[in-house]
Structure formats: structure tokens, C-alpha cells
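As a plain string of letters, each chain reads:
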Amino acid sequence: MVELSTKYMGMDLRNPLIVASSGLVNSLEGVEKCAESGAGAVVLKSLFEEQIEADTKELMEHIWLNGHTEAFDYVRGMGMSLGPSDYLKLIEDVKKKVTIPVIASLNCVSAKWWVDYAKQIENTGADALELNISVMPSDPNRVSEEIEKQYYDIVEGVRRHINIPIAVKIGPFFTSIARMARELYRRGVSALVLFNRFYQLDIDVDSIKLVGGNPLSSPKEMNLPLRWIALLSGRIECDFAASTGVHNGIDAIKMILAGAKAVQICSVLYQNGVEQIGRVQKEMEDWMKGHNFESLSDFRGILSQEESDKSELYERLQYIKALSGKKD
Ligand SMILES: Cc1cc2nc3c(=O)[nH]c(=O)nc-3n(C[C@H](O)[C@H](O)[C@H](O)COP(=O)(O)O)c2cc1C
């Protein structure tokens, strides 16, 4: 008998498989299907900053055009509660229907919109909030401290106003992920989700135009989050959730060996249906039986750098032998 239950951000999960924020969990039916298929928790599709901004702008334009200038500032202040009401309704409906933890998700570029809204999300009953912070560091004039501060400001702003656990989902593009992770943890983050997989850019050489790349990951992409979870888990005291490239139970097991508390899956569910959650779970259980592990805590993090006597292996970046042309 093996036991997959775990704690993530203080929440009890029947298993560590979380359906990642995506269109799969953008409706009550979608969430119910994931819960029926065995998900340990879900992260709802992010509410994007632009959605709130656009809704508010539209309304303000209307007021402006109709000459109600005195209402302008009032609506500005009210903006938060207008557009995104559908999202709050989704949380409310989902919480009535499923018993697994429901994590809301906000896509943030700045702190300005989110503080009030995060409070409403908490009041509506979400069990936790994942901040999907995405800042494009493309401006050569912006120093990294300034960009990092943007992350800290968002987290501090939201943390001050809500009591439910906060996870932060980041991408891998920092000069020092380790420091970033520690600074986020110090600001009250309960979990870090490594990593978001952002919109990919590609080029169609026939039409000679920019096109979107494949929105779905391939299993090869799991090595990057795997390494960073192995490097940071145990050294930074928050929970870690893996995201990107986990396509089967063995991938999930690797993430847990590296130290992940939870494993988020998305692309593989788009490819094979949410029923895949059950298959991933079964593969995990089979592996655990084969290795005589009864629970996740029996092997979680045993291959993290913190637990290793070969810590240099985790930091190796170059193929020295291959590059020098020597055999072995
Ligand atoms: C269609 C689609 C929509 C997504 N929407 C969001 C989103 O709203 N918020 C978010 O944080 N991540 C979003 N993601 C990213 C996923 O949550 C996940 O981090 C990413 O797909 C990598 O995991 P995977 O390899 O299991 O697919 C989306 C991914 C896909 C494919």
C-alpha cells in the first residue's frame, strides 16, 4: 500500500499532482473534470492584469465620452470590482462543487491592480493564490535590481493584504535565481513554482513572418526545473512545485526526488486528456511499490543538492570531457 498524500503550502493534498493554470481549469466543468480524474489540486487560469485594465478603461472611456467627468475618478477606484467579477464567481462556484484545494492565479506585471483584488479572491474562498509574475526584461536601460524590485513590490503588496498562502510562479530568466527565490521567500511566499513556460516566438520561413511557437512543452524541457528544484529545495525553506515538461509518473517522481512538494501538469493533459492524471498517479504508485517506498516523504528530496555528498554535480555547466575531445 502506497500513500501519495502530501502537504503543499500547508494544504492537504490527496496527491501531489496539480493541474497547472491553463484553459483546462477556466470553467466549473473543467475543474470538476480534473477533480474527478484524480487531481490533488487545481490552479485556476490566471486572471490577467490586462483584463482588469481593459475593462476599467472601456468603462472610463464610456464615462468620459458621455461627459460624466466627475465619475471618472470614482470609477477608477472601483475598477477592481467591475470586470473580474466572473473570476470571483468561478472561484465561488468551484468551491461549492469540489473538495480539492483551489488555487486562484493572478498574472501580475505591477502591484497597482492586485492588492484589492487579491483580497476579494481571499474573501471568495480560494485556498491559496498563485502570482504568475511575468516581466519582460527586454529594455537594456533597466538594471536587474529594478526588475527584481518589481517582483518584490508585487509580493509585498499582496502579502500585506491577504492571509491565504501565496505561491509565486516565475520563469527561469534571472541572473541569480537562488537569490531571487530566497528574497521572495523572505517576503512571505509559501511556495515557488519553477518554472512558467512563456509564450514562444517562432518564424515561418515560407511566409517570412513571426508566428507563435508550440504552446505545449516536450518532456525534454523538464531538466531545467529539475535542476533548480534540486539546487534550491531544502536550502530555501518554502515549498517548491515543479512546472514544465512533466509528462508522466516517472517525470513526477524525479521532481519529488529533487525535492518538489507538488508537481504541476498541463501540456500532457492537453495532449492526452485529463484522464492522464490517473495514469501519472498509477505510474508513481508502481514506481514507489517497486522501490519499497510507502509515502512521498520517504524519498522526497533525497537527490537534492542539500542531501548530496556530490554537490558539485548539480552545478556542472560544461561538458568538459566532450569538449576536450577525450574519450570518457
Ligand atoms: C494553453 C495554455 C494556457 C496557459 N495559461 C496559463 C495561465 O493563464 N497562467 C499561468 O500561470 N500559466 C499558464 N500556462 C502555463 C502552464 O500553467 C504551465 O506552466 C506550462 O504549460 C508548463 O507546464 P507543462 O509542461 O506541464 O505544460 C498555460 C499553458 C498553456 C499550454
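Residues numbered from 1 in each chain as written. Predicted model: local features only at pLDDT ≥ 70, side-chain atom pairs only at ≥ 80, totals over all residues. Heavy atoms only, no water.

Enquirer: Give a detailed account of a nonpolar patch on the surface, specifying residues and quantitative values.
Expert: There is a patch of nonpolar side chains on the surface, built from Tyr-199, Leu-201, Ile-203, Val-205 and Leu-210 and spanning about 630 Å² of accessible area. With respect to the helices and strands, Val-205 occurs in the loop between β10 (201–204) and β11 (209–212). (Patch = residues over 30% accessible without salt bridge, like charges linked within 9 Å, V, L, I, M, F, W, Y side chains within 5 Å. Areas by Shrake-Rupley, 256 points an atom, 1.4 Å probe, with all protein chains shown as cover. Salt bridge = Lys/Arg side-chain N within 4 Å of Asp/Glu carboxyl O. Helix = DSSP H or I, 4+ residues; strand = E, 2+ residues; numbered from the N terminus.)

Enquirer: How would you summarise the packing of aromatic side chains if you had to cite specific residues and measurements?
Expert: Inspection of every chain in the model, using the stated rule, returns four aromatic pairs. A ring pair is formed by Tyr-151 and Phe-174, whose centres lie 5.2 Å apart and whose planes are at 70°; its orientation type is edge-to-face. Separated by 23 residues along the polypeptide, Tyr-151 in helix α6 (residues 144–161) and Phe-174 in the loop between β8 (166–170) and α7 (177–186) bring together distant segments of the chain. Assigned by exposure class, Tyr-151 and Phe-174 land together as buried. (Phe/Tyr/Trp six-rings, centres within 6.5 Å; stacked < 30°, edge-to-face > 60°. Buried < 20%, exposed > 50% of the residue type's maximum accessible area, 1.4 Å probe, protein only.)

Enquirer: Outline unusual backbone geometry, supporting the account with residue identities and numerical values.
Expert: In the segment running from Leu-194 into Phe-195, the intervening peptide bond is cis, with an omega of 0°. The residue Phe-195 is located in the loop between β9 (191–194) and β10 in this model. Despite not being glycine, Ile-208 shows a phi value in the positive range, around 50°. Not every positive phi belongs to a glycine, and Asn-292 is a case in point at roughly 55°. Mapping Asn-292 onto the fold places it in the loop between α11 (276–290) and α12 (320–324). A residue is classified by how much of its surface remains accessible, and Asn-292, at 68% relative accessible area, is exposed.

Enquirer: If you had to explain the nonpolar core to someone new, which residues and values would you point to?
Expert: Leu-106, Ile-121, Leu-129, Leu-131, Tyr-151, Val-168 and Leu-184 are the most contacted members of the largest nonpolar core, which totals 87 residues. Leaving out residues up to four positions away in the same chain, Leu-184 has contacts with Tyr-151, Tyr-152, Val-155, Val-168, Ile-170, Val-189 and Leu-192. (Core = buried A, V, L, I, M, F, W, Y, C linked by side-chain atoms within 4.5 Å. Contact = heavy atoms within 4.5 Å.)

Enquirer: Can you explain the state of the cysteines? Please cite residues and give values.
Expert: Counted according to the given criterion, the structure contains zero disulfides. Not engaged in a disulfide, the cysteine Cys-34 finds its nearest cysteine sulfur in Cys-266; these two sulfurs lie 9.8 Å apart. (Disulfide = S-S within 2.5 Å.)

Enquirer: For helix α9 (residues 249–258), give the residues involved together with the corresponding values.
Expert: Most of α9 sits inside the fold, with eight of its ten residues counted as buried. If you check which residues of α9 are buried, you get Gly-249, Asp-251, Ala-252, Ile-253, Met-255, Ile-256, Leu-257 and Ala-258. Its buried side turned inward, α9 meets β3 (17–19), α8 (223–232), β12 (239–242), β13 (262–265) and α11. A distance of 3.0 Å separates the backbone nitrogen of Ile-250 from a side-chain oxygen at the start of α9, and that oxygen is part of Asn-248. (Polar contact = N/O pair within 3.5 Å; in protein donor to acceptor, adjacent residues only side chain to side chain.)

Enquirer: Let's hear about the layout of surface pockets: which residues, and what values?
Expert: The calculated volume of the largest pocket comes to roughly 640 Å³. The wall of the largest pocket is formed by 33 residues, among which Ser-21, Asn-196, Arg-197, Pro-215 and Cys-266 lie closest to the centre. Residue assignment for the lining of the largest pocket shows that the elements contributing at least two residues are β13 and α10 (267–272). The greatest single-element share of the lining of the largest pocket, amounting to three residues, is contributed by α10. A class-by-class count of the residues in the lining of the largest pocket yields eleven nonpolar, 19 polar and three charged. The computed volume of the second largest pocket comes to approximately 340 Å³. Around the second largest pocket sit 15 residues that line it, and Val-135, Met-136, Pro-137, Phe-173 and Phe-198 are the ones nearest its centre. For the lining of the second largest pocket, the class distribution of residues is ten nonpolar, four polar and one charged. (1 Å grid on protein atoms, 1.4 Å probe; cavity = no way out; pocket = protein on both sides within 12 Å on 5 of 7 lines; lining within 4 Å. Points joined across faces, edges and corners; volume = space filled by probe spheres on them. Nonpolar A, V, L, I, M, F, W, Y, C, P; charged D, E, K, R; others polar.)

Enquirer: Outline the pattern of salt bridges, supporting the account with residue identities and numerical values.
Expert: According to the stated counting rule, one finds 13 salt bridges in the structure shown. Of the charged contacts in the structure, one is a salt bridge between Glu-183 and Arg-179, with a shortest N-O distance of 3.8 Å. Of this pair, Glu-183 and Arg-179 are both found in helix α7, four residues apart, which corresponds to roughly one turn of the helix. Judged by its relative accessible area of 8%, Glu-183 falls in the buried class. Here the residues in one salt-bridge network are Glu-156, Arg-179, Arg-182, Glu-183, Arg-186 and Arg-187, joined through shared partners.

These figures capture arrangement, not role.
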